[in-house]
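Tertiary structure, described
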Amino acid sequence: EDQVTQSPEALRLQEGESSSLNCSYTVSGLRGLFWYRQDPGKGPEFLFTLYSAGEEKEKERLKATLTKKESFLHITAPKPEDSATYLCAVQASAGGTSYGKLTFGQGTILTVHP
Amino acid sequence: ETGVTQSPTHLIKTRGQQVTLRCSSQSGHNTVSWYQQALGQGPQFIFQYYREEENGRGNFPPRFSGLQFPNYSSELNVNALELDDSALYLCASSFLVSGGPYTQYFGPGTRLTVL
């Protein structure tokens with residue numbers, strides 16, 4: 001069974017204090033790993049898709065990286081508007097079908113204080 | 001380009017009732033998935049529809065059912081509501097690429113409260 005574990009559960013940072021969020025996964029053949037941002041009471045907002053180990057993607061203050069067992073979301077010089085829950089999800093290969101189920105972690109709640 | 005929309009925004013039902021939630025996919029997408037998100041948890045996969053047929057299902061009982069229409073809009077139906085069904089229900093649309101990863105784009109969700 002596919003599993004995703006995110007750490008820490010909550011992270012509090014001062015504005016400008018860089019840090020990283022971790023996503024560890026076990027999956028029977030990785031089709032893709034996804035990062036989403038979710039604001040309270042809203043739907044997840046897509047950030048990145050990573051396909052293979054060694055891949056990196058950047059968007060503004062965020063940078064996502066992928067290894068064979070985990071992914072990191074690096075936040076450089078965060079601002080209060082970066083406060084949100086960050087979700088990691090994996091999509092597994094399913095033997096020839098196009099079954100696209102996402103398995104999510106429980107999320108990391110990030111709070112950035114001014 | 002219109003994003004994923006869901007209706008209603010909020011819904012209150014009593015135990016034993018039935019509910020229908022609706023979703024309109026993003027333009028150009030051919031696949032819709034439904035997820036249940038309990039408070040403080042990550043979303044849990046309910047099922048996925050492709051070309052109007054169920055294309056995969058998570059660990060949810062048969063009282064959770066769905067439909068996808070020719071215009072790629074979708075409905076989630078839940079019968080015999082239980083208190084534990086209280087959650088945020090999320091619809092996600094995507095363009096299915098055979099064998100490849102494909103990104104799912106989420107709607108704003110429907111908050112269901114069962115009393």
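Structural notes, computed from the coordinates. (Residues numbered from 1 in each chain as written. Chains lettered and ligands numbered in written order. Predicted model: local features only at pLDDT ≥ 70, side-chain atom pairs only at ≥ 80, totals over all residues. Heavy atoms only, no water.)

**A closer look at the nonpolar core**
Where a protein is soluble and globular, its nonpolar side chains tend to be buried together. The cut-off we apply is this: The nonpolar core is taken to be a set of buried Ala, Val, Leu, Ile, Met, Phe, Trp, Tyr and Cys residues, with the residues joined through side-chain atoms within 4.5 Å. Only protein chains enter the accessibility calculation, which uses a 1.4 Å probe. A residue is then buried if its area is under 20% of the maximum for its type, exposed if over 50%, and partly exposed in between. By the criteria applied, helices consist of DSSP H or I runs no shorter than four residues and strands consist of E runs no shorter than two, each listed in order from the N terminus.
Core analysis: the biggest nonpolar cluster contains 22 residues, and Leu-33, Trp-35, Leu-73 and Tyr-86 of chain A have the highest contact counts within it. Of all the secondary structure elements, the ones that give two or more residues to this core are strand E2 (10–14), strand E3 (19–26), strand E4 (30–38), strand E5 (45–50), strand E7 (62–66), strand E8 (70–75), strand E9 (84–92) and strand E11 (108–113) of chain A. Residues Leu-21, Phe-60, Leu-81 and Leu-112 of chain B belong to the second largest nonpolar core, which totals 20 residues.

**Comments concerning the interface of chain B and chain A**
As a reminder, the rule being used: For this analysis, residues touch if any pair of their heavy atoms sits within 4.5 Å. Summed over both partners, the accessible area lost on bringing two parts together, with a 1.4 Å probe, is the buried area. Note on definitions: salt bridges are taken to be side-chain nitrogens of Lys or Arg within 4 Å of carboxyl oxygens of Asp or Glu. Polar contact is the term for a pair of N or O atoms within 3.5 Å; when the atoms are in protein, one must be able to donate a hydrogen and the other to accept it, and sequence-neighboring residues count only if both atoms are side-chain atoms. Any residue that is not Ala, Val, Leu, Ile, Met, Phe, Trp, Tyr, Cys, Pro, Asp, Glu, Lys or Arg is counted as polar, Gly included; the first ten are nonpolar and the last four charged.
In this complex, chain B contributes 26 residues to the contact, which on the side of chain A involves 22 residues. Regarding the contact of chain B and chain A, the summed buried area is about 1800 Å², with carbon and sulfur atoms giving 55% of it. For the interface between chain B and chain A, the tally reads zero salt bridges. In this structure, the connection of chain B to chain A is made through nine residue pairs in polar contact (both at pLDDT 80 or more). If you list the elements that add at least two residues to the side of chain B that touches chain A, you get strand E4 (31–37), strand E5 (44–50), strand E6 (53–57), strand E9 (87–94) and strand E10 (105–106) of chain B. Residue contributions to the side of chain B that touches chain A peak at three residues, all from E6 of chain B. Of the residues assigned to the side of chain B that touches chain A, the class counts are 12 nonpolar, 13 polar and one charged.

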